[in-house]
Every structure is written in structure tokens, then in C-alpha cells.
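Survey of secondary and tertiary structure
Here are the chains, one letter per residue:
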Amino acid sequence: MAGKRCSRLSALQVALIVLLIILTVVCVSLIVVFVTRKTDTDQGPYLIGVGRADCTGPPAEIPLMGYANPQQTAAGIHTRLFSRAFIIDDGSRRVVFVTADVGMVSQRLRLEVLQALKEKYGDLYRQDNVVLSGTHTHCGPAGYFQYTLFMLTSKGYIKASMEPLVNGIVKSIDIAHSNMKQGRIYRHRGELGDSSLNRSPHSYLNNPEKERQRYKSNTEKQVLVLKFTDLDGNGMGMISWFAVHAVSMNYTNRMVSSDNMGYASYLLEKDKNPGELPGQGSFVAGFSSSNLGDVTPNTRGPYCVNTGLPCDYLNSSCPVGGTKMCQAFGPGDDMFDSTRIIGHNIYLKAKELYANASEEVTGPIQSAHQWVNMTDVTVKINDTHTVSTCKPALGHSFGAGTIDGGGDLNFTQGAVEGDPFWDGIRDTLLGPPSNQTKECHHPKPILLSTGEMNWPLPWHPQIVDVQIITIGSVAVIAVPGEMTTMSGRRLREAVKEELESVDTFSNTEVVIAGLSNVYTHYITTYEEYQVQRYEGASTIYGPHTLTAYLSKYRKLAKAIAQDRVSELPVGPEPPFFTKNLFNLMAAAAVDRKPINTSFGDVLEQVLPLYRQGDVVSVTFVAGNPRHSGDISDKTFVTVEIYENRTETWKVVYNDASWETRFHWLKGPGRQNNATVEWHIPPSAPVGSYRIRHFGHYKELKDLRPIIKPYEGSSDVFTVMSSYYYHSQNLPVHDHNS
């Protein structure tokens, strides 16, 4: 009986035991939650992939996209064009950011890329989590649009231009996808001076003075860098955003070129991939456009090239020659030198920021996207007033061009009244704009009422992408056009405000990725629009375009902040035209050659001796580069050094290299030639070299066209040390003396 009493527990003891068990369970649960939850400070590493691929199109006869100059057709290669892709995955969501050496991403290009990705990856890569952005080079092959206005200035929809872009972008994503590994992201920002100038300061000054006083400059000087490393701290890649037009190469250039942004990529990738040729090596450096709408790299500013006097401040024209004579230059001696200087400046700042980036980016990934009919957006601006967007239209000042490339006709910037002569021609050929469109776009005098022109296809897009991706505390706004400096500032501020309205986001870095997803020309502020310089005349959806975008992007940011992206309506899907696309490019003709020569033969031979700093030049009998078809990952040019140790020739430069220039000349009677230049750098090793040229030519055999490959080589020549670089007292060697 006594033993039984000892085995029994009192009610108090039972209660204490139950309480202890409950406390233990609670403590264990709290520990599990604390250990497993993801916060901004203890989130595990991201999965990161980077990739780069050649997207260079035909470097002959195809119009170059950007200046809308019909005489500016491709005739060689200055530097190749690349697509650079970055994939980031947090374990539940992933996003893709692509910056491509292209004038702008067209709607058709995006749709074809998304179609190709869907065929490969199903629903993994979609319109909501893939951003495609263009660097805005004005020297890439055109012909990748589906809207009539762009097709007219590009000689139509050209498959030979579209396919390299689609294939290159998709391949860069493929490479990034296949190389994904755990890594970390760091962010850093700084300012870059002496590399940009506002080309429409009169418009900028029309913004409210109180707003302007908040900023030190009338251009955006900020450079933002995202640094990608693996878990051991080894560099994988980098994205940099800086707001400047890629127009250091001007409208007289006829070589395919990635311009200043591409040169910055070239330099940083050369640093990080030592010993590799351009486009090779694992490190990927993407330099992306931003709110560059009113920003030029031609920092010496505009002047009248025929007199040397300053241009008219208000309309950027000259007393003799009009807008065509008013051109901006600098900072270099010519466009190649200016490209080098601006590209080098951007590279140096990005390299510095990359090296010092220590603020880690952590937190979940989100993406939000909508298609919007930008011709029909109404925004309530106060209790009594609403404003609306318009059908697309371009103003008279659109025809004037800019100080980076003026128009050929007698249009001027700042026109707020129409011209009876041009209006009469427009009315006769295309029909007058409706009163509704004229009223909606006021004070813009309409030159082309593109929203009311639909033959053979619509002249401008109606359905536009708006999109934001967030990577932890970094938000990237994909903007479908060229935002001016102040427009971009207002948009960044609006998105930041919405994101930080909840505790999820703090210390948010907001950046604009320009020329993304679909091209809609320019986006000025309402105040800048009133001045009607080129940018205002090219704000195609009317004076309240920015107001509409602010409203749409605010909603995207709010949905991300509140984790309610799935509730966003998708919006009306854009068209994918299959009929009435036209191509005005004739097929490349049969090639001919001088009597007693073969394709690849040398017409003008190299000299036997050069010094570092000299330019080597050799000219070959050449075929039309269009006959070479898909030229990605190939080259028309190699510079090779003879290695005595192995008794072999080693390629040290190709046509993607900054140091080479491949000029193709369409000669009389279809007898073409190619001149290859090698600008010998001071660092070039002393030794024996040769230059080789590769290509294809077309001939008729039994009345059928046959395409055949050819190659040619220069004589061997010697490069010796330069007096210029190795002696302060001796003159530069002159081979002609």
C-alpha cells in the first residue's frame, strides 16, 4: 500500500509536468522558426548564372538602327555585338536580366525571344520575369521591328537581322541557365562626371524650379553596379547602369559597332578574362542604359560645323545649314577617340565600384508585369480632374533630329506651330490628323498621326509592357523607351515610395533599365513636353505619357510590396503580325573579281616593318559579307603572331577586338574589296605577324547561285618596339620617309 502511494503523482506535479512539456514544445518551435526563416540578414545565397553570346547581324548593306539615316548602311565591323544575360534565383522565384548591344529592344524581338524560350523551357522564363534591355548603340543592323514606321526606316522586316539577335539573346540565357551556381550579390553606387551633357537644357529648365533645386546636375551622374560572386568570392559578373546615349559613333559611321557602352564591357571583360579573345571567358560585364533621353556623350557640346560659332540655344540650328550643321562633338579628336574616352570613363568608374562593393543584396525576388494599352490610359490627378493619354503621334520637331544627328529637312527643334508646306504634303499622302488627336497632343503640332495610320500594319505600338523586377533591396524598372533625366527621377522616386510603404523594403536602390521590351520613342515630363524639342515631339502618347507610366508602375510596385502580384490583371496581349510584314532589301548580288585574281587575294599589301602605335592596313578581293550567313562566333579577320617556341600561328585579335577595323567596300561592277586595319597597341609583343581575312562569295553555276568560302593572308610583317613609347627624345618612326 505504501509503494502504491509513492508511485502516484499529485495534481500539482502533473500540472508542472504538462507545463514543462508545453514550454519545451514552444521553445523548440521558436528555435525552428528562427533558424529556418529567411530575413534580409540571414538569407542563404542566391543561385546565379551569367552568360554572353554573339548577336552580330550582317555587316553589309543592311541599314544601321538609330539615326534613321537611309545612307547609313552597314559596311564592315568596328566591334561585334553581344547579348549578356544574368539569372538570379532565390529558391522560389527567378528573374532574368539581359542587356544587349542593340539600339533598342523591339516588341517583335521580345516576342520572338519569349517564344523561343517557351519552346525550350516551358513556363520557366516568361514575360513577367524576363527583362530585355538595349544599350542603345546606333550602329547595329536594323530590320527587327513589326510596326510600319520602323520598317520604313529599316527597309522592312529583315530576317537576316532578326535571327542573330533572337539566337544570340536566347543563347546568352542558355549559357547563364546551364552555369547557375550558388553565389552572392553586392551593390555599390557612385558618380561619374565629364562623360555626359544635357542636349535639351532649355526643356529641362521648364521643370519646376523647386524640383530642379533638389539635384546638382541636369543629367544623371549616378552609376549603379551589381557585383556577382560565387561563394568563394570569385567574380562571376557585373551589371552597371549609367544614363548616357551610345552615340559617340556618329551618323557618318558605317561599321557595326557597340559604341561606348560596348567598349566599357570590352575593357572590363578583358581585365577579368586575361588572355581570352573578346566574347570568351567566364566573367560577364553588362553595361545597361538608363534614363538617357536628353543625355549626350558629346561633351564639347554643339556648334555650327560650317562656321565654328555656337548654335541657336532654343532650337539648336545654324543661320546657314539649319539643324544639320548644328552638331555636338567630343571629347575626342574624332568619333573613335570619343568612343574610347567615354567608354573608358564608364569602365573605370564601374571597375572602381565593383572592386569596392561590400553591401550585400539579400532578400526575396519578385517580378511584376502588365501589358497596357497606352493609347487609352486615364489617370485621376485630383478630386476634380483626370488626364488621358493619346493615340500615337510625332511632332514637327521630330523631323529636326538632335545635336547628335540633325535632320536633312528644314525642321527645327522647339516648333509649337505646324508648317503649311509639310502639313500639306502629309495631308495629301497620308491624310490629316483628326481634331481629337490634335487636341489631345496640344501643344504638339502633329507631323505624323501614326496612331491613325494602319497600312499595311499599324505605324506604332498600342500595347506596351510595364515591368519591375526586385532582387532583395534592388528594384529594376524596365522602361519601354527613352526617359529624360527628370522623368526618370520622378519614376524612381514614385516606385521607391510605393515599395517602402511596407516594412518589407527599406534602403531600396531603384534603377531604370531603358530601351526595354518594346520601343515607344521618348518619355518627357509634362513641363518638358510644352517646349516641344525633339524629345517632347517624340513623346508619342501625348503630354500625360509620364503621368500614365507613374500610375502604372506605382501599381506594380505596390503589388510587389504587398505580395499581391498574382492579383494584377495581365492586360491586353500585344499583336504578333504574320501578314503584311515587308522586306525592301534585295538579295545580295553575285560577286565578281578583277581579272586574274581570286577571292582572298591581296590588292594592297602590308609593309615589312611596323612599330607599336602604327596602323597596319591590307586590302583583299572580297565577297559580300551577307553571303556568310550566320556569322555568330566566327570572324572575318584575325591578327596572328608567330610563336617560335611551338612554331605555330596564334590568333591575338579578331574582328570583335577594339584594335581591328574591318571595312567592306562595295565596288563598281560588283567587284568588292575588304580593307583590314590593325591599330597596333603599345603593349603588342615584338615579333612576326600576319593578318588573315575570311569570307564567302556567290557565283552562278549552271544558272544556279552557289556560295563558296574563301580566305586570304597578308605577307608576314615585323612589329618592333616604338621610339614613341620607349624614348622621350627620338621621333615617331615614319614608314613613308
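Now for a description of the structure that goes with this document. (Residues numbered from 1 in each chain as written. Predicted model: local features only at pLDDT ≥ 70, side-chain atom pairs only at ≥ 80, totals over all residues. Heavy atoms only, no water.)

A few points about the state of the cysteines
Let me state the cut-off plainly: Disulfides are defined as cysteine sulfur pairs within 2.5 Å. Think of it this way: any DSSP run of H or I at least four residues long counts as a helix, any run of E at least two long counts as a strand, and we number them from the N terminus. Any residue under 20% of the maximum accessible area for its type is buried, any over 50% is exposed, and the rest in between are partly exposed; the area is computed with a 1.4 Å probe on protein chains only.
Inspection of every chain in the model, using the stated rule, returns 3 disulfides. The disulfide partner of Cys304 is Cys318, and the S-S distance across this bridge is 2.2 Å. Handedness of the Cys304-Cys318 disulfide follows from its S-S torsion of about -105°: it is left-handed. With Cys304 in strand β14 (residues 301-304) and Cys318 in the loop between β14 and α9 (322-325), the pair connects residues that are 14 residues apart, well separated along the chain. Comparing Cys304 with Cys318 shows no difference in burial state: the two are buried.

Regarding the nonpolar core
To keep it simple, the criterion reads: Buried Ala, Val, Leu, Ile, Met, Phe, Trp, Tyr and Cys residues form a nonpolar core when they are joined through side-chain atoms within 4.5 Å. In what follows, a contact means two residues having at least one pair of non-hydrogen atoms within 4.5 Å.
Leu109, Val113, Leu117, Tyr125, Tyr144, Ile169 and Ile173 are the most contacted members of the largest nonpolar core, which has 51 residues in total. When contributions to this core are tallied by element, the ones reaching two or more residues are β2 (60-65), β4 (82-89), β5 (94-100), α3 (107-121), β6 (130-134), α4 (148-153), α5 (159-178) and α10 (335-356). Top contributing element to this core by residue count: α5, with 7 residues. Filtering out sequence-adjacent residues up to four positions away, Leu109 remains in contact with Tyr144, Met162, Leu165, Val166 and Ile169.

Details of unusual backbone geometry
Going from His442 to Pro443, the amide bond is cis rather than trans, its omega being 10°. By the element assignment, Pro443 lies in the loop between α12 (435-441) and β23 (446-448). Cis geometry is adopted by the peptide bond preceding Pro456, which originates at Trp455 and carries an omega value of -5°. Here Pro456 is to be found in the loop between β23 and β24 (463-471). In this structure, Ala68 is a non-glycine residue whose phi angle is positive, near 55°. Its location among the elements puts Ala68 in the loop between β2 and β3 (73-77). Accessibility expressed as a relative area gives 48% for Ala68, which makes it partly exposed. In this model, His521 sits at a positive phi of 65°, which is unusual for a non-glycine residue. Inspection of the secondary structure puts His521 in the loop between β27 (509-513) and β28 (522-523).

Considering the pairing of strand β35 (residues 673-679)
Stated precisely, the cut-off is as follows: At least two DSSP bridges between two strands are needed for those strands to be called paired.
With 6 of its 7 residues buried, β35 lies for the most part within the structure. Bridge count between strand β31 (residues 615-621) and β35: 7 bridges; the pairing is antiparallel. Residue Val615 lies in a different strand from β35, and its bridge partner there is His679. As paired strands, strand β34 (residues 660-665) and β35 are joined by 6 bridges and run antiparallel to one another. Within the sheet, the bridge partner assigned to Trp664 lies in β35 and is Ala674.

Some details on the pattern of salt bridges
Just so we agree on the cut-off: Salt bridges, as used here, are contacts in which a Lys or Arg side-chain nitrogen is within 4 Å of a carboxyl oxygen on Asp or Glu.
Counting across every chain of the model gives 41 salt bridges. Ionic pairing is found between Arg199 and Glu535, a salt bridge with its closest N-O pair at 3.0 Å. Highlighted residues: Arg199 in the loop between β9 (197-198) and α6 (201-204) and Glu535 in helix α15 (residues 534-537), separated in sequence by 336 residues. What makes Glu535 buried here is its relative accessible area of 3%. Measuring nitrogen to oxygen at the nearest pair gives 3.3 Å for the salt bridge that ties Arg426 to Asp423. Residue Arg426 and its partner Asp423 are located together in helix α11 (residues 420-429), separated by 3 residues, close to a single helical turn. Assessed through its relative accessible area of 10%, Arg426 is described here as buried. Through salt bridges that share partners, Arg52, Arg84, Asp101 and Glu269 make up one connected network.

Brief notes about the sheet that holds β31
Within a sheet, neighbouring strands are paired by backbone hydrogen bonds and run either parallel or antiparallel to one another. Ordered by their spatial adjacency, 7 strands build an open sheet running β7-β2-β3-β34-β35-β31-β29, and the pairing between neighbours is antiparallel. In this open sheet, the two edge strands, each paired with only one partner strand, are β7 (140-141) and β29 (602-604). Bridge count for β2 against β7 is 2 bridges, and the pairing is antiparallel. Residue pairing for β7: Leu64 is matched across the bridge by Pro141.

Notes on the packing of helix α13 (residues 485-499) against helix α16 (residues 545-561)
Rule in force here: Axis definition: a line fit to C-alpha positions, over the contact stretch in the case of helices; interaxial angles, taken between N-to-C directions, run 0 to 180 degrees. Each angle gets one of four labels, with under 35 degrees taken as roughly parallel, over 145 as roughly antiparallel, 65 to 115 as roughly perpendicular, and the rest as oblique. In this scheme the handedness of a crossing depends on how the near helix is turned from the far one: anticlockwise by less than a right angle means left-handed, clockwise means right-handed. Polar here means any residue other than Ala, Val, Leu, Ile, Met, Phe, Trp, Tyr, Cys and Pro, which are nonpolar, and Asp, Glu, Lys and Arg, which are charged; Gly is therefore polar.
Across the interface, α13 lies against α16 with an axial gap of 8 Å and an inter-helix angle of 25°. The angle between the axes of α13 and α16 places the two elements in the roughly parallel class. As α13 runs across α16, the sense of the crossing is right-handed. Here Ser487, Arg490, Leu491, Ala494, Val495, Glu497, Glu498 and Leu499 of α13 come into contact with α16, specifically with Leu546, Leu550, Tyr553, Arg554, Ala557, Lys558, Ile560 and Ala561. Within the contact of α13 with α16, the residues separate by chemical class into 10 nonpolar, 1 polar and 5 charged.

Concerning a nonpolar patch on the surface
As a reminder, the rule being used: Patch membership needs two things, relative accessible area over 30% and no salt bridge, and members are linked within 9 Å if like-charged or within 5 Å if nonpolar (Val, Leu, Ile, Met, Phe, Trp, Tyr). Here, Shrake-Rupley sampling with a 1.4 Å probe gives the accessible areas, and only protein chains in the shown set may cover a residue.
Side chains of Phe421, Ile425, Leu429 and Leu430 sit close together on the surface and give an oily, nonpolar patch of about 400 Å² of accessible area. The class for Leu429 is exposed, based on a relative accessible area of 67%.

The values are spatial; any link to function lies outside them.
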